[in-house]
Amino acid sequence: MSRYLQEMYSRGILVGPYLRMKPAQNHREYVYLMNFTDPFFAFKGLKGFPNVLCCAVTFGDWNIMVVT
């Protein structure tokens, strides 16, 4: 494990198998990490939502990342 990753775990920036960020009063964006059986179909559908700022197909434990 890299030194930077260990530091993020110790400071509570990165926790367990999920990513968590501390909220700020002036910045209300949320990141959703989701898993779908058909990620490309979900990706096309999620891109149409008005509050979705960014949508990406990924790989690993989750296959869709959405920023709202």
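Preceding this paragraph is the structure being described.
Residues numbered from 1 in each chain as written. Predicted model: local features only at pLDDT ≥ 70, side-chain atom pairs only at ≥ 80, totals over all residues. Heavy atoms only, no water.

## Some remarks on the overall build of the protein
A count of helices and strands for the protein gives two helices and five strands. Moving toward the C terminus, one meets the helices and strands of the protein in the order α-β-β-β-α-β-β. Expressed as a percentage of the 68 residues in the protein, the buried residues total 15%. Nonlocal contacts in the protein, meaning residues at least 24 apart in sequence, comprise 41% of its contacts between residues at least 6 apart. Working note: accessible area of the protein is about 5900 Å², and carbon and sulfur atoms make up 61% of it. (Helix = DSSP H or I, 4+ residues; strand = E, 2+ residues; numbered from the N terminus. Buried < 20%, exposed > 50% of the residue type's maximum accessible area, 1.4 Å probe, protein only. Contact = heavy atoms within 4.5 Å. Areas by Shrake-Rupley, 256 points an atom, 1.4 Å probe, with all protein chains shown as cover.)

## Some thoughts on the pattern of salt bridges
The tally for this structure, following the rule as stated, stands at one salt bridge. Here Arg-11 makes a salt bridge to Glu-7, at a shortest N to O gap of 3.1 Å. On the criterion of helical spacing, the pair formed by Arg-11 and Glu-7 is a turn pair, its members being four residues apart in helix H1 (residues 3-11). (Salt bridge = Lys/Arg side-chain N within 4 Å of Asp/Glu carboxyl O.)

## Section: the nonpolar core
Membership of the largest hydrophobic core is limited to five residues, which are Leu-46, Val-52, Cys-55, Ile-64 and Val-66. Apart from the residues within four sequence positions on either side, Val-52 is in contact with Leu-46, Val-66, Val-67 and Thr-68. (Core = buried A, V, L, I, M, F, W, Y, C linked by side-chain atoms within 4.5 Å.)

## A few points about helix H2 (residues 39-46)
Among all positions in H2, only Pro-39, Ala-42 and Leu-46 are buried. The buried side chains of H2 occupy one side of the element, clustering within an arc of 65° when seen end-on. Of the residues in H2, the exposed ones pointing more than 90 degrees away from the buried face are Phe-40, Phe-41 and Lys-44. At its buried positions, H2 is contacted by strand E3 (31-34), strand E4 (54-57) and strand E5 (64-67). (Arc of directions from axis to C-beta.)

## Observations regarding the state of the cysteines
One covalent bond between the sulfur atoms of two cysteine residues makes up a disulfide. Inspection of every chain in the model, using the stated rule, returns zero disulfides. Its sulfur unpaired, Cys-54 is 7.1 Å from the next cysteine sulfur, which belongs to Cys-55. By relative accessible area, Cys-55 is classed as buried at 10%. (Disulfide = S-S within 2.5 Å.)

## Digging into the environment of Thr-68
Position of Thr-68 among the secondary structure elements: in the segment after E5. Judged by relative accessible area, which is 24%, Thr-68 ranks as partly exposed. Apart from the residues within four sequence positions on either side, Thr-68 is in contact with Arg-28, Glu-29, Tyr-30, Tyr-32, Asn-51, Val-52 and Leu-53.

Take it as geometry only, folks, not as evidence of what the structure does.
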